[in-house]
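# Working through the structure, step by step
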Number of protein chains: 6
Amino acid sequence: MGYADLPLDELRTYASSVTRPDDFDEFWRNTLKESREASWAPRLEKVDNRLTAVDTWDVTFAGFGGQPVKGWLHRPAGRGDEPLPGVVQYIGYTGGRGLPHERIGWALAGYAQLVMDTRAQGGDTQDSGEQGPGVPGYLTRGWESPQTHYYRRLITDAVLAVDVARGLDAVDADRLITTGISQGGGLAIAGGVLGEAQAVMADVPFLCDFPRAAWIATQLPYTELSTFLSRRRDAAGQLMNTLAYFDGVNFARSGGTMPTLFSVALMDRTCPPSTVYGAYNAWPGRKEIREWAYNDHEGGQAYQEIEQYDWLREFLGGGA
Amino acid sequence: MGYADLPLDELRTYASSVTRPDDFDEFWRNTLKESREASWAPRLEKVDNRLTAVDTWDVTFAGFGGQPVKGWLHRPAGRGDEPLPGVVQYIGYTGGRGLPHERIGWALAGYAQLVMDTRAQGGDTQDSGEQGPGVPGYLTRGWESPQTHYYRRLITDAVLAVDVARGLDAVDADRLITTGISQGGGLAIAGGVLGEAQAVMADVPFLCDFPRAAWIATQLPYTELSTFLSRRRDAAGQLMNTLAYFDGVNFARSGGTMPTLFSVALMDRTCPPSTVYGAYNAWPGRKEIREWAYNDHEGGQAYQEIEQYDWLREFLGGGA
Amino acid sequence: MGYADLPLDELRTYASSVTRPDDFDEFWRNTLKESREASWAPRLEKVDNRLTAVDTWDVTFAGFGGQPVKGWLHRPAGRGDEPLPGVVQYIGYTGGRGLPHERIGWALAGYAQLVMDTRAQGGDTQDSGEQGPGVPGYLTRGWESPQTHYYRRLITDAVLAVDVARGLDAVDADRLITTGISQGGGLAIAGGVLGEAQAVMADVPFLCDFPRAAWIATQLPYTELSTFLSRRRDAAGQLMNTLAYFDGVNFARSGGTMPTLFSVALMDRTCPPSTVYGAYNAWPGRKEIREWAYNDHEGGQAYQEIEQYDWLREFLGGGA
Amino acid sequence: MGYADLPLDELRTYASSVTRPDDFDEFWRNTLKESREASWAPRLEKVDNRLTAVDTWDVTFAGFGGQPVKGWLHRPAGRGDEPLPGVVQYIGYTGGRGLPHERIGWALAGYAQLVMDTRAQGGDTQDSGEQGPGVPGYLTRGWESPQTHYYRRLITDAVLAVDVARGLDAVDADRLITTGISQGGGLAIAGGVLGEAQAVMADVPFLCDFPRAAWIATQLPYTELSTFLSRRRDAAGQLMNTLAYFDGVNFARSGGTMPTLFSVALMDRTCPPSTVYGAYNAWPGRKEIREWAYNDHEGGQAYQEIEQYDWLREFLGGGA
Amino acid sequence: MGYADLPLDELRTYASSVTRPDDFDEFWRNTLKESREASWAPRLEKVDNRLTAVDTWDVTFAGFGGQPVKGWLHRPAGRGDEPLPGVVQYIGYTGGRGLPHERIGWALAGYAQLVMDTRAQGGDTQDSGEQGPGVPGYLTRGWESPQTHYYRRLITDAVLAVDVARGLDAVDADRLITTGISQGGGLAIAGGVLGEAQAVMADVPFLCDFPRAAWIATQLPYTELSTFLSRRRDAAGQLMNTLAYFDGVNFARSGGTMPTLFSVALMDRTCPPSTVYGAYNAWPGRKEIREWAYNDHEGGQAYQEIEQYDWLREFLGGGA
Amino acid sequence: MGYADLPLDELRTYASSVTRPDDFDEFWRNTLKESREASWAPRLEKVDNRLTAVDTWDVTFAGFGGQPVKGWLHRPAGRGDEPLPGVVQYIGYTGGRGLPHERIGWALAGYAQLVMDTRAQGGDTQDSGEQGPGVPGYLTRGWESPQTHYYRRLITDAVLAVDVARGLDAVDADRLITTGISQGGGLAIAGGVLGEAQAVMADVPFLCDFPRAAWIATQLPYTELSTFLSRRRDAAGQLMNTLAYFDGVNFARSGGTMPTLFSVALMDRTCPPSTVYGAYNAWPGRKEIREWAYNDHEGGQAYQEIEQYDWLREFLGGGA
């Protein structure tokens, strides 16, 4: 590997150049309002996950524009209907919710865990917006305007997943947080802030500081941006204007007093650390960050999980 | 490079294992019927291409389901309204129609040349079908059934582009052929066969012999298939069933008496030569193939263009 | 990727060329006898794994020559002292036992799960044999004779881990199996056969068919062999003679009536499928194998876990 | 990709460290004088280019030392003997003039276009100087002195091509410019300045700022320099002294009042942007540069062609 | 690595498809005759090699067409004028004779060692033939005919180096052999056979079986051939006809009763083993070959040196 | 390549951040004392090296803890028992002493040359300390403390090799220096300083400035450190504390008045130049460094050998 971003001291004080569109709040207020109006009650169906220690339900809920979005709800077995503090978890790029027994760590720690599937990526959920020109991947899908961009729909799903979790009997609505790794971390920031969760835990988040990411990234998926702009040589302004509505930096700026626990990997080639710090440094409230000095995009993995278990135990009184 | 496919003698007699679905003809008859019913008259608008030797029109025509598809129409300058023999040209993977002065070779040789844009790839055309889960790219988009697959829509566009060209005053409707390189070659086969052109010229065609391609390819885009199947480990049967409706081998089998000129690159890592021969060997009519022995996917380039100019000159009496 | 091993039909009947040393049984009988004589009672200490659904103990037991080896014992929480069917699990190359909450899948399914650390790899266990010349890695460490080779010590650890699990009150000694992925799969074969477990589940096993592996592998760690032999050009005979004592093919030949469930990835570049079939085809007893057609060394992952949960559920009556 | 050169603001004001040899002007005056004295009248032969819109002649003219150099002359068809403004075009590294129908864009826009072949590269022209030691490629061929270096001969060819174009009846001698991409851009600078064309259009030019190129380039062909110097460890001074006579920076300094249009690709790994700015910033006259922010060495391609068509239309009144 | 050529048993009986031109002998007879007529007496000058154990002379001799070629003559120090058996050594691709103390192994073993520089590669010798179009490197330089090809000149140098060594007082003219690695091995075959040395020792020789090399090689320098043919798509017949005059297979066929010691590396990616066996299997006389099973192009190195010292000790009575 | 470290002027004044442990001197004093107490007289056995110009003995001497370490002693042939100035030479990473005729350059120049084998690397010497967890390779072997680290044992071997050389009749004990390339260079610094040689010649030395190396290196073997720390995320402090006892920077600081000749390759990706300058700049005594500007880790090779021959000739009066 080898460290390859800003000098460490500049990194920790780096301020992203992303601007916040004047109608950022209005855009999201309207977007969420429309989708919430199209919403319907989630459907839950118990499934055989092969495990004795965890109960799992197949979840279908109303996402963007009322479109059905899939997910899994996991709870520790043998806890009846007792409301548990909730964790809404989002998935990394091109991944999906996977099989029922795959992501259950929060349930094992005593939380009600809602894992949201990612539309049109590797899971079980359709995306039905317009699909304009772009390069393979999702960053340039519908790039012409914030109205048509793929991430408008996906982030709306993420917020509505928080709504859904909050409404479940199985969840203690006053103790609800969002989390995720990479794209899941970007969605945790957006979904937690717009969905007004109690806290956000974002690991090596993607979807942050797009202008810098497009300029310095050397690996997929951020290079979708430079690949696209290397062909559509006249589109940089319009694309960056669109992406500003989905940039973790701008969601962080809206974080208010919400507490957060970030992680960053200093040798991250996929989500360069300056892009992560771009969002973290913009966060106005109580915040902590774990730096994994010698890690690439895998970040802290099990070490970070312990950081999160402990941070949340202290913060929420842990899983019940 | 280095040659890396079947021994040469086996290559030239290789028969693809792709099966032709029983309802293949019906599927396409219904698909085309519906889209033709949704069709509307093409719109042409003259543009400044900076060239004195070629006239260019921006074309918008009714593609799949009546959705608008873009293209360019090029003609040699100074020929008035004289009908010219026509060439419908399709574009390689992730490319689009480009700028007006980019692909004009057939116009320079005396043909009316219609360049079709590719929906949702690097051009100016939207795709508005359902977008199910898949890996980045187009081969697995809507993989669940032939009804929902991306290539149902794109191939329909390709056929309707032939309809459009045939209907233009500027084109001699009795002398109309399809052509293209890579994805463009796959579309030339499908569009020419379904659209009943006079001939097909397909260079290093993509979209041929999907089962073999998924099994041996080591490079994008065919590896979208193996990447997808490495995740959706239970989906191979369903995916291959879907792709059989879009496989150049099956269109070739429907080629009837139509003549064709193929090219194949023997060191092609992107479209391995056996997949190309899979389609070529299935072609029932008069056929010729140019083998470029030491070329990767770039194929014969300007050398192949001369082969085509000369073949078409003999076949159609050349451009007028 | 792209498939790159023997034609599929040859693969499934391929017989490894590995020979079984005349004193293979004697070598292992003596080795195990000596180490069992140096054995001492395992030490278990409860640890905080941050989870409410699983109980975990830090295990220290007597491995090769009485040397201390680490491990984790996991059980579903809230089951008191009830003996549960046992799973002994081994780890992939360069990995170690990890953190207490990392590998707990079998406990979640109702088994007592003993995860063995790997000496001198990425965990917490020392290796104290002689360390002769070799290339970085473990395959050539002590290559001069089977007496001094690293895998003599590690496989002995693996067998003694089965002894330890069998002796625990928390384990139903009549329902005990071994499992693992890659190096863990090779150890599961050796440890299960020598340790006389009830069954073996080996995924994409490493340590099988060394002569073929050295000859065809293009990736670490099998290329340690070709790298070593490219320098020590006179050592092939001696090295292969040594490795025959640790070859999964030879352990498989000793499998007797023991049932087994293998998995193989057909596009596996790390453990080429022929090397896996070399061991599988040598297995004399009841056997099944899952082929993951489009996977590299990651193999079936969560899909294979379901295969294993179901196979074991049927075979052992599942976890209790 | 990812941007990897000087910070943008430094880039735009960067001054190359290349020194101008005291006898630079004299060297070229003598070199050109000798070759002009050995010159003879060009031979033109009409060829079949398969196109109806363009007429093409095979050109043979006297290059360095009177050695024959090949080229193509293209004109829009049907323009009789009318003099047209002229464009002399040079070719990228290892390329040659290609087939007659390949590079005809300027003829299509109404210019007389002379495409010069590149001696000893991939075309039809011999090089007959001494061939001293060096690494494969052309940058170190004859490195011992400016008298023996390959680029002395090639640049002389480039200047004499301007002479030839100026002398043709088919060309308006008062409206003559040079152009080219990469090596062609470097030759356009040298050939335009020494040949006293009306303007120069250089795209992502090669052959600029050799000291910096040798120091920072990571890709062929500039790495021929570092490869050579990694072997001939004592040769850096002599090599750089020789190359100074062929450095685009030094030709730019001689540009006088001649106008120029450059292009630079900011993610260019082959011709790093600082080396291009090294030449551009040294240009004394009226100048413009197009920056392609997200492009590698492909640069602006069709987008840049439009910039050039428009710039030249304004500057020369366009092609006739 | 991984073995990647013909099955081993086929490899050892493989017969190259190279044909021997009818005028092969005549071509070389005339070529050598002309150059021998242009020859002049070699010049030797003692140099300071910093060593006390070896004496070294800078050699300049008449190569092709009387052009000066450089070399080093090494002898063990303190042996006065005593004639010693001689070894003529040739250098690998792009290398040169290097510094005086670099290649002295045969002198240390008691031989008079003449190291020939390679014209226009990384040494001190000029090449002054015509330099036609080609790709960077030497395999296609002057490809149009055997008369103009670079290797006509270099192989003539190699033969004349044998003449020179034979004529030196310091050499026992009746005990003279040629040797070299890679390109040096190819030259050792050609130079030894045409120069009528007593024996040839060729290690992992290059310049053998060009048709197969062009077809299967994946690495430089043989890929110069496929790269060239991928551009000059019409040139394969002419190029292969030219190369047949320089193919080690054809020189081997002329080996008569001369003994030879070859070496081959079975995992050689640069000179695939089948190309080496193509030459070896064609050798008519007494022959031995050392197979280095797990080596890439580095071959046997110091192990092969011992094989050669011992083979030559037995064959020639060793160095004196 | 391309230069990729600190700006040149910063490089030449760069000061490493490595701290010198308070007990550094004591640690080494005790370590050497213990091993010297366990020492025994070296065994020398004449071997057939196939050479007439050099005599070679197989050496076995007492290394760390009295463990046997192998080596070769070379002397120019025919010099009887005459004491010659001595050179102790160490070997690069993963290499061993090789075959008797491989590294003999110093003997050829008139020195008694002792080549030390490297324990547990590619030679003939065992390592018998504890082998704790780590990644493949040697940098993290026994990382838990300086007492258990592999390099404690290897550096002790290096010092005792100096002791052995000093004690040989064949060596002039007052003219003894250490040298080596890469790991051999790091050992030359440590062995020369602790062993109180007359001078040190270190080429592109490894084992210098571990904190910076771990942070910026992108290639093996330094990336063993970042790979290890990417897994053992809590171990950086402990690992760096251990490595400080083996860091060339700290040995350089102990160099006193000893003269030294370094070399550094400015494009060295394996041992980045700043890590080499980290040690060089810390050297207190008379010092010189040769910069090879365009070289990767191969450094100056034969050019540097001449620098060394000449420097030592001047310094020691050369080999006798």
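What you see as residue numbers is a count from 1 along each chain, following the sequence as written. All chains are assigned letters beginning at A, and all ligands numbers beginning at 1, according to the order in which they are written. Totals for whole chains, interfaces and linings use all residues, but because this is a predicted model, local features are given only for residues with pLDDT of at least 70 and pairs of side-chain atoms are given and counted only at 80 or more. With hydrogens and water set aside, each side-chain value is computed from the structure's full complement of heavy atoms.

Per an unreviewed UniProt entry, chain A carries the name Acetylxylan esterase and comes from Kineosporia mesophila.

### Side note on empty space enclosed by the protein
Here a cavity is any set of points on a 1 Å grid over the protein atoms alone where a 1.4 Å probe fits but cannot get out, and a pocket is any open set with protein on both sides within 12 Å along at least 5 of 7 lines; a residue lines the site when it has an atom within 4 Å of a point. Grid points are joined across faces, edges and corners, and a volume is the space filled by probe spheres set on the points. Counting across every chain of the model gives seven cavities of 30 Å³ or more. Within this model, the largest cavity holds a volume of roughly 110 Å³. Grouping the constituent residues of the lining of the largest cavity by class yields eight nonpolar, seven polar and two charged. Considering the residues around the second largest cavity, the lining is formed by G132(A), G134(A), V135(A), P136(A), G137(A), T140(A), R141(A), A120(B), G137(B), Y138(B) and R141(B). Nonpolar residues are Ala, Val, Leu, Ile, Met, Phe, Trp, Tyr, Cys and Pro. Charged residues are Asp, Glu, Lys and Arg, and all others, Gly as well, are polar. Across the lining of the second largest cavity, the residue classes break down as four nonpolar, five polar and two charged.

### Some details on the pattern of salt bridges
Any two side chains of opposite charge can pair if their charged atoms end up close together. A pair is scored as a salt bridge if a Lys or Arg side-chain nitrogen falls within 4 Å of a carboxyl oxygen belonging to Asp or Glu. In this structure the tally under the stated criterion is 128 salt bridges over all chains. In this structure, the salt-bridge partner of E288(A) is R290(A), at a minimum N-O distance of 3.2 Å. Among the residues examined, E288(A) registers a relative accessible area of 27% and is labelled partly exposed. Residue R20(F) pairs with D25(F) through a salt bridge whose shortest N-O separation is 2.8 Å. Only protein chains enter the accessibility calculation, which uses a 1.4 Å probe; a residue whose area is less than 20% of its type maximum is buried, one above 50% is exposed, and one in between is partly exposed.

### A few points about the interface of chain B and chain A
Listed per partner, the contact involves 23 residues of chain B and 24 residues of chain A. When two parts are put together, the accessible area they lose, computed with a 1.4 Å probe and summed over both, is reported as buried area. Taken together, both faces of the contact between chain B and chain A bury some 1,800 Å²; the carbon and sulfur share is 40%. Three residues stand out in chain B for area buried against chain A, namely Q126(B), Q131(B) and P136(B), and they jointly supply 27% of the buried area on that side. Taken together, the links from chain B to chain A amount to two salt bridges. For R232(B), the salt bridge identified is with D124(A), shortest N-O distance 3.8 Å. Contacts described as polar in this section are N or O atom pairs within 3.5 Å, which, within protein, must combine one atom able to donate a hydrogen with one able to accept it, while residues neighboring in sequence count only if both atoms come from side chains. Along the contact surface separating chain B from chain A lie eleven residue pairs in polar contact (both at pLDDT 80 or more). Residue composition of the side of chain B that touches chain A, grouped by class: four nonpolar, twelve polar and seven charged. In this analysis, two residues are considered to be in contact whenever any of their non-hydrogen atoms come within 4.5 Å of each other.

### Describing the packing of aromatic side chains
In this scheme Phe, Tyr and Trp rings, the latter by its six-membered ring, pair at centre separations within 6.5 Å, and the angle between planes marks the pair as stacked below 30 degrees, edge-to-face above 60, and tilted otherwise. One pass over the structure, following the stated rule, counts 138 aromatic pairs over all chains. Consider the rings of Y93(C) and F206(C), whose centres lie 5.4 Å apart with planes at 70°: the pair is edge-to-face. Of this pair, Y93(C) sits in the loop between β4 (84-90) and α3 (105-108) while F206(C) sits in the loop between β7 (199-203) and α6 (210-216), and the two are 113 residues apart along the sequence. Classification of Y93(C) by relative accessible area gives buried; the value is 16%. Of the residues examined, F206(C) reaches a relative accessible area of 1% and is grouped as buried. A connected cluster of aromatic rings, assembled from ring pairs, spans Y93(A), Y138(A), Y150(A), Y151(A), F206(A), F210(A) and Y222(A). Just above the ring of Y14(C) sits the side chain of R212(C); from NZ or CZ to the centre is 5.5 Å. When the NZ atom of lysine or the CZ atom of arginine is within 6 Å of a ring's centre and also within 35 degrees of its normal, the charge is said to sit over that ring. Above the plane of the ring of W292(A) lies R233(F), whose end atom (NZ or CZ) is 6.0 Å from the centre. Only DSSP runs of H or I covering at least 4 residues are called helices, and only runs of E covering at least 2 are called strands; the numbering of each starts at the N terminus.

### Some remarks on the relation of the copies chain D and chain E
The transform that puts chain D on chain E rotates by 180° and translates by 0.0 Å along the axis, for an RMSD of 0.0 Å. Read as a symmetry element, the transformation amounts to a two-fold axis. It is P136(D) whose C-alpha, among those of chain D, lies nearest the rotation axis, at 2.5 Å. Comparing interface residues between copies, 100% of those in chain D also lie at the interface in chain E; the contact surface is shared. The copies were overlaid with a least-squares fit restricted to C-alpha atoms from residues scoring a pLDDT of at least 70 in each copy.

### Focus on the sheet that holds strand β1 (residues 43-47) of chain A
Residue and element names in this part refer to chain A. Two strands are counted as paired when DSSP detects at least two bridges linking them. Taken in spatial order, the nine strands line up as β1-β2-β3-β5-β4-β6-β7-β8-β9 in an open sheet, and their pairing is mixed. Of all strands in the sheet, those with a lone pairing partner are β1 and β9 (287-292), marking the two edges. The average undirected angle you get between the axes of adjacent strands in this sheet is 20°. The pairing of β1 with strand β2 (residues 54-62) spans five bridges and is classified as antiparallel. Along β2, the bridge assignment pairs K46 with W57. The angle between two axes is taken between their N-to-C directions and runs from 0 to 180 degrees, where each axis is a line fitted to C-alpha atoms and a helix contributes only its stretch in contact.

### Quick look at the interface of chain D and chain E
Across the contact, 24 residues belong to chain D and 24 residues belong to chain E. Between chain D and chain E, a total of about 1,800 Å² is buried, with carbon and sulfur atoms accounting for 41% of that surface. The three residues of chain D that bury the most area against chain E are Q126(D), Q131(D) and P136(D), which together make up 27% of that side's buried surface. At the junction of chain D with chain E, the criterion picks out two salt bridges. Taken together, the connections running from chain D to chain E amount to ten residue pairs in polar contact (both at pLDDT 80 or more). When grouped by side-chain class, the residues that make up the side of chain D that touches chain E number five nonpolar, twelve polar and seven charged.

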